Structures are given as C-alpha cells and as structure tokens.
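Remarks on the overall topology
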Amino acid sequence: DAGITQSPRHKVTETGTPVTLRCHQTENHRYMYWYRQDPGHGLRLIHYSYGVKDTDKGEVSDGYSVSRSKTEDFLLTLESATSSQTSVYFCAISESLGGGETQYFGPGTRLLVL
Amino acid sequence: SQQGEEDPQALSIQEGENATMNCSYKTSINNLQWYRQNSGRGLVHLILIRSNEREKHSGRLRVTLDTSKKSSSLLITASRAADTASYFCATDARGNTGKLIFGQGTTLQVKP
C-alpha cells in the first residue's frame, strides 16, 4: 500500500447519486488503474490511464468515467450509482504498461449502493 | 472474460505443510504474475515469470510455467499461519495491449 492512498475507504450511498473515488500516488508512476473486485469474478479492470488526460476503457467500463488532471491523482466517477456497482474498488499503479511490470495496489474502497 | 483460472478455489493445510495452487489460462502470454491479498487489503506482487522461463524461485515460493499446457503453479513451502491469504494469478496476454487479467483466486488457510 506504500505510496498509494484511496479515499474514501468506505462509502454508503443511494441509487442514483453520483460518487467519486480518489486515488493518490506519491511514486510518480505514469500508469494508473481502477479495478473492481467482486466474489466469483476476481479483479476486473474498469479504466486505466497512461498519462495526464490520457485514459482508456477496461473490461467493465460501462457506468464509470475517469479523469486524471495531475500525475498523482486518478478519479473514478459513478455518474448515477446503481446497486450492481456495490463492490470493492482498487486503484493500482505501475511504471509502464504491460505484464512485465509489477502493479502496486492501494488499500481499496468499499462501496455500498443501497 | 477470465484469462486465468485458479485451482483449487480454497485450500486448507497445517502449518509446515506445502501449498500448491494452479492457474490455467486460455491465450498465449508474455508474462504471468502471482499476487497475494490479505483479508481487507490490496494485492501485493509476489513473483513474475516470463513466457520463456520454466521455473522461478523467491524465498519459499516456487513458480513453474508450462506454456504448452497454458498453466502455472505456485508452491509455498513450509507454510506459516501468516501465509493465510488469497492468491491470484494475472496474465499479460499477447495482443491485449499489456493490461493484466486476473483470475478469481485461491483462498489459502494455514492452520497453526
């Protein structure tokens, strides 16, 4: 978890409300990722960023948007939260894109959408 | 879609025993990584093995890769209670722009 923080760590919200999760890194790594973890599905990539203002979709991007205005911050937004978005969200960083690089994970955010 | 599938889904052993977890994948890969996740925490990288490697060691960890069978195994020797965690394999499939695809994980319980 060193060098990566996520906020909030826990959140309860209601269906239809907007939610923004923040990932902050102090490692100056270029690549940042948002995953969700659900029982029976492992980790699934939502969006990733390969630089400031450069982002791309992952496997499960519907209903999510991201923004990266600074190297150190990567925001994940649920425009209108649904119960299916109840999950644990993890941010990760890496020095480069590719399976040859270790990804470092944050501590996670538990989101409950009622 | 899942690239890596771990087996077994859950494993319970006594302290001191060896633990073996397997990962199968579907498409050709550049690399395969193993991660550990303690309860309520983020994932921690354990070891990476490249497609041209067959075996790799790191402390009490031994990873093998068989690209002909599209499978990998993680062996933890002389397990400790502190090894209790979930273990995930992640693959960097060729042609997948390098993004990692994680399996569903094996939950290991080491009883003292």
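Rules used throughout
- Residues numbered from 1 in each chain as written.
- Chains lettered and ligands numbered in written order.
- Predicted model: local features only at pLDDT ≥ 70, side-chain atom pairs only at ≥ 80, totals over all residues.
- Heavy atoms only, no water.
- Helix = DSSP H or I, 4+ residues; strand = E, 2+ residues; numbered from the N terminus.
- Buried < 20%, exposed > 50% of the residue type's maximum accessible area, 1.4 Å probe, protein only.
- Contact = heavy atoms within 4.5 Å.
- Areas by Shrake-Rupley, 256 points an atom, 1.4 Å probe, with all protein chains shown as cover.
- Lys, Arg positive; Asp, Glu negative; His and termini not counted.
- Charge placed at Lys NZ, Arg CZ, Asp CG, Glu CD.
- Rg over C-alpha atoms; globule rule 2.2 N^0.38 Å.
- Patch = residues over 30% accessible without salt bridge, like charges linked within 9 Å, V, L, I, M, F, W, Y side chains within 5 Å.
- Salt bridge = Lys/Arg side-chain N within 4 Å of Asp/Glu carboxyl O.
- Polar contact = N/O pair within 3.5 Å; in protein donor to acceptor, adjacent residues only side chain to side chain.
- Buried area = accessible area lost by both parts, 1.4 Å probe.

What follows covers the overall build of chain A. Helix and strand counts for chain A come out as 0 helices and 11 strands. Along chain A, helices and strands appear, N-terminal first, in the series β-β-β-β-β-β-β-β-β-β-β. Within chain A, buried positions represent 50% of all 114 residues. Long-range contacts, defined as pairs at least 24 residues apart, comprise 56% of the intrachain contacts of chain A with a sequence gap of at least 6. Within the structure as shown, chain A displays about 5100 Å² of accessible surface, and the carbon and sulfur contribution to it stands at 48%. Taken as two groups, the 11 positive and 13 negative side-chain charges of chain A have centres that lie 4 Å from each other.

A separate point is the overall build of chain B. Per the secondary structure count, chain B includes 0 helices and 11 strands. In chain B, the order of α-helices and β-strands from amino to carboxyl end is β-β-β-β-β-β-β-β-β-β-β. Rg of the C-alpha trace for chain B: 13 Å, near the compact-globule value of 13 Å for 112 residues, within the 12% margin. Along the first, second and third principal axes, the C-alpha set of chain B runs to 45 × 30 × 20 Å. Relative to its full complement of 112 residues, chain B shows a buried share of 47%. Considering only residue pairs separated by 6 or more positions, chain B has 56% of its internal contacts joining residues 24 or more positions apart.

Okay, a nonpolar patch on the surface next. Together, V12, L112 and L114 of chain A make up an exposed nonpolar region whose accessible area comes to about 290 Å². Relative to the helices and strands, L114 of chain A resides in the segment after β11 (109–113).

This next bit is on the environment of T15 of chain A. Residues and elements named next belong to chain A. Examined against the element boundaries, T15 turns out to sit in the loop between β2 (10–13) and β3 (19–25). Distance from T15 to V113, taken between C-alpha atoms, is 5.9 Å for residues 98 residues apart in sequence. Among the polar contacts made by the side chain of T15, one reaches the main-chain carbonyl oxygen of L114 at a distance of 2.7 Å.

Time to look at the interface of chain B and chain A. Facing 22 residues of chain B, the contacting portion of chain A comprises 25 residues. Taken together, both faces of the contact between chain B and chain A bury some 1700 Å²; the carbon and sulfur share is 49%. Among the residues of chain B in contact with chain A, L43, K99 and F102 of chain B are the three that bury the most area, contributing 28% of the side total. For the pair chain B and chain A, the interface holds 0 salt bridges. Counting across the chain B and chain A interface gives 3 residue pairs in polar contact (both at pLDDT 80 or more).

Residues and elements named next belong to chain B. Assignment of secondary structure puts T64 in strand β7 (residues 61–66). By relative accessible area, T64 is classed as buried at 17%. For T64, the side chain forms a polar contact with the side chain of S73, separated by 2.5 Å. Discounting chain neighbours no more than four positions away, the residues touching T64 are I49, R54, E55, S71, S72 and S73.

Note that all results are geometric; they support no functional claim without further evidence.
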